[in-house]
Amino acid sequence: MERKFSKRISSLSPSPTLALNSKAAELAAGGKKIFNFAVGEPDFPTPQAVVEVAIDSLRRGRTRYGTSGGGRPLREAIAEKLRRDNGLDFAIDEIVCGIGAKEILFHVFLALLNDGDEVLLPAPFWVSYTDQIRAAGAIPVPVMPPASITSQGGDALDFNAIERAVTARTRAIVINSPNNPSGYVLGAAELERLAAFAIKHNLWVISDEIYEYMAFSREHISPLKIQPGLRSRFILVNGLSKGFAMTGWRVGYAAGPKDIMALVKNLESHSSTCIPGFIEDAATFALGQGRTLMAPAIATLDARRKATVNALDGFQFVRPDGAFYVFLDVRPFCDGRSSMFVSGALLEEEGVAVVPGEAFGLPGFIRISYTLGEQDLLAGLERVKAFLRRP
Ligand SMILES: Cc1ncc(COP(=O)(O)O)c(C=O)c1O
């Protein structure tokens, strides 16, 4: 039988980190000490108070189908959070919840894009945007950052390059601040330029704000707060994975104009149906508490961030104002080899797992997650430095 599959889905690339992850697991199983700087989640447990709400909710029988796109209490808690933390006003029918920010983003792309539409992705960008956009039949268009991205205080977006990438098919730009993988946080001036650019070219702005609570040395500002004129073309995406250490609970949401949110909600109703009720209850509680719930964990991450920056003194990296990553420029040490190769060698020789820049559309860099305890963090960084400095 001739085996034919979807061309669109067959063209998606498997995660570039998969091979490295399985190699790291194999080495660890063989007894080798692995310094795992490749993780994308905080190493803190979900706050106990949130867990208790979920257990109580289960005991009360919240085990049936819930409301597609999120029950009213959850969407009200999100609307209140957006007012309190971001100074943004969204009605509850402008908010849709789903199974993680990842699913919500996927559904936003499916709802927004037609075949051949182009979406601008300033690099470095989160690994899933490209394949989700392709799966929606559209074309991801990576745009390189300015060379000054690694100079302290340098801009993260190159607006000349972004302007040059616009074509008649461009529909949207995706931004992610605080940024995975580089930790940059966009300032007010860059956000203003971004808003003016989107309005000039009649583009949607999809703003992935999932690392919002991890903005340490620069305030997180939502682009819509800077430019209310974006309202009709702006979709905010966020979730509880990072800010509340709830990666496994799978709660994400989008806020945007009612017409597109109705389409996203429709997709939710035909795919995952709903967020489980007991998880909704826990998420509603967490959102009501806000960032104070995680203040000690966030302070710990900030201390690790500072320790990482100190340890890497003399190396070039993007200024890590937020998230929990440092994006280290390894080009001076690559000697013509790829950062993918360098990451593989770092794992083999030093037992240090990192994610190569190729995964984020920017080769020549490695992403270091500083979600390890301080002792392992510093020991692992010493290994990275020794490895890079070795001739
Ligand atoms: C930038 C960014 N956006 C979205 C997500 C998806 O988060 P989740 O699906 O866990 O809500 C992640 C997860 O790593 C991320 O780093």
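No experiment lies behind these values; they were computed from the predicted model shown. (Residues numbered from 1 in each chain as written. Predicted model: local features only at pLDDT ≥ 70, side-chain atom pairs only at ≥ 80, totals over all residues. Heavy atoms only, no water.)

K.L.:
An account of the overall build of the protein is needed here, citing residue identities and associated values.
P.N.:
Secondary structure summary: the protein contains 15 helices and 12 strands in total. For a compact globule of 391 residues, the expected C-alpha radius of gyration is about 21 Å, and the protein comes in at 21 Å, within 12% of that figure. In terms of its C-alpha atoms, the protein occupies a principal-axis envelope of roughly 60 × 60 × 55 Å. Counting every position in the protein, which comprises 391 residues, the buried fraction comes to 55%. Within the protein, contacts between residues separated by at least 24 positions form 76% of all contacts whose residues are at least 6 apart in sequence. Working note: accessible area of the protein is about 16500 Å², and carbon and sulfur atoms make up 53% of it. (Helix = DSSP H or I, 4+ residues; strand = E, 2+ residues; numbered from the N terminus. Rg over C-alpha atoms; globule rule 2.2 N^0.38 Å. Buried < 20%, exposed > 50% of the residue type's maximum accessible area, 1.4 Å probe, protein only. Contact = heavy atoms within 4.5 Å. Areas by Shrake-Rupley, 256 points an atom, 1.4 Å probe, with all protein chains shown as cover.)

K.L.:
Which residues make up helix H10 (residues 258-270), and what values go with them?
P.N.:
Here H10 contains 13 residues, and its C-alpha end-to-end distance of 18 Å stays within 8% of the 18 Å for a straight helix at 1.5 Å per residue. Check the buried side of H10 and you find it contacts strand E2 (95-98), helix H5 (100-112), strand E6 (204-208), strand E7 (234-239) and strand E8 (252-255). (Expected span 1.5 Å × (residues − 1).)

K.L.:
Describe the sheet that holds strand E9 (residues 325-329), naming the residues involved and giving the relevant values.
P.N.:
As summarised here, the arrangement of the 3 strands in space is E9-E12-E11, forming an open sheet in which the pairing is antiparallel. Edge positions in the sheet fall to E9 and strand E11 (355-356), since each has one partner strand and no second. Bridge count for E11 against strand E12 (residues 365-369) is 2 bridges, and the pairing is antiparallel. Of the residues in E12, the one forming a bridge with Val-355 is Arg-367. (Pairing = 2+ DSSP bridges.)

K.L.:
Which residues make up the environment of Ile-279, and what are the values?
P.N.:
If you trace the backbone, Ile-279 turns up in helix H11 (residues 277-289). The spacing of Ile-279 and Leu-74 is 205 residues in sequence and 10.0 Å in space, taken between C-alpha atoms. When residues no more than four places from it in sequence are discounted, the contact partners of Ile-279 are Trp-249 and Val-251.

K.L.:
Can you tell me about the domain arrangement of the protein, naming the residues and giving the values?
P.N.:
The domain boundaries assigned to the protein delineate domain 1 (7-45 + 294-389) and domain 2 (63-292). Look at where the C-alpha atoms of domain 1 and domain 2 centre, and you get two points 24 Å apart. Taken together, the contacts link 38 residues of domain 1 with 40 residues of domain 2. Summing both partners gives a buried area of about 3100 Å² for domain 1 against domain 2, and 59% of it is carried by carbon and sulfur. Ranking the residues of domain 1 by area buried against domain 2 places Met-294, Arg-319 and Asp-321 at the top, with a combined share of 19%. Our count for the domain 1 to domain 2 interface comes out at 1 salt bridge. Here Asp-115 and Arg-8 are joined by a salt bridge, their closest N and O atoms 2.8 Å apart. Among the secondary structure elements, those contributing two or more residues to the side of domain 1 that touches domain 2 are helix H1 (7-10), helix H12 (295-311), E9 and E12. Counting residues per element, the side of domain 1 that touches domain 2 draws most heavily on H12, which supplies 6 residues. (Domains from an automatic or database assignment. Buried area = accessible area lost by both parts, 1.4 Å probe. Salt bridge = Lys/Arg side-chain N within 4 Å of Asp/Glu carboxyl O.)

K.L.:
Give a detailed account of the sheet that holds strand E5 (residues 170-176), specifying residues and quantitative values.
P.N.:
Across the sheet, 7 strands lie side by side as E2-E8-E7-E6-E5-E3-E4; this open sheet has mixed pairing. Every interior strand has two partners, whereas the edge strands, E2 and strand E4 (139-143), have only one. Neighbour-to-neighbour, the strand axes of the sheet open up by a mean angle of 20°, direction not taken into account. Taken together, the 5 bridges between E5 and E6 define a ladder with parallel strand orientation. Bridge pairing in E6 places Ala-172 opposite Trp-204. Helix-sheet contacts for helix H4 (residues 72-86) involve E2, E7 and E8, and the interaxial angle to E2 is about 115°. Against the sheet, H10 contacts E2, E6, E7 and E8, and its axis sits at roughly 25° relative to E2. (Axes fitted to C-alpha atoms, helices over the stretch in contact; angles between N-to-C directions.)

K.L.:
Could you give me a rundown of the site of the ligand, with the residues and numbers involved?
P.N.:
For the ligand, the set of nearby residues contains 13 residues, the closest of which are Ala-101, Asp-208, Ser-241, Lys-242 and Arg-250. Measuring from an oxygen atom of the ligand, one finds a backbone N or O atom of Lys-102 at 2.9 Å. Between the ligand and Arg-250 there is a distance of 2.7 Å, counted from an oxygen atom to a side-chain nitrogen or oxygen. With 3 residues, the single largest contributor to the shell around the ligand is H5. (Near = heavy atom within 4 Å. Polar contact = N/O pair within 3.5 Å; in protein donor to acceptor, adjacent residues only side chain to side chain.)

K.L.:
Describe in detail the packing of H12 against helix H15 (residues 374-389), supporting the description with residues and values.
P.N.:
Viewed as axis vectors pointing N to C, H12 and H15 meet at an angle of 25°, and their least axial separation amounts to 10 Å. When the axes of H12 and H15 are compared, the pair comes out roughly parallel. Along this stretch, H12 crosses H15, giving a crossing that reads as right-handed. Taken together, the residues of H15 that come into contact with H12 (itself represented by Arg-304, Ala-307, Thr-308 and Ala-311) are Glu-374, Leu-377, Leu-378, Leu-381 and Lys-385. Looking at the contact of H12 with H15 residue by residue, the classes come out as 5 nonpolar, 1 polar and 3 charged. (Parallel < 35°, antiparallel > 145°, perpendicular 65-115°, else oblique. Left-handed = near helix turned anticlockwise from the far one by under 90°. Nonpolar A, V, L, I, M, F, W, Y, C, P; charged D, E, K, R; others polar.)

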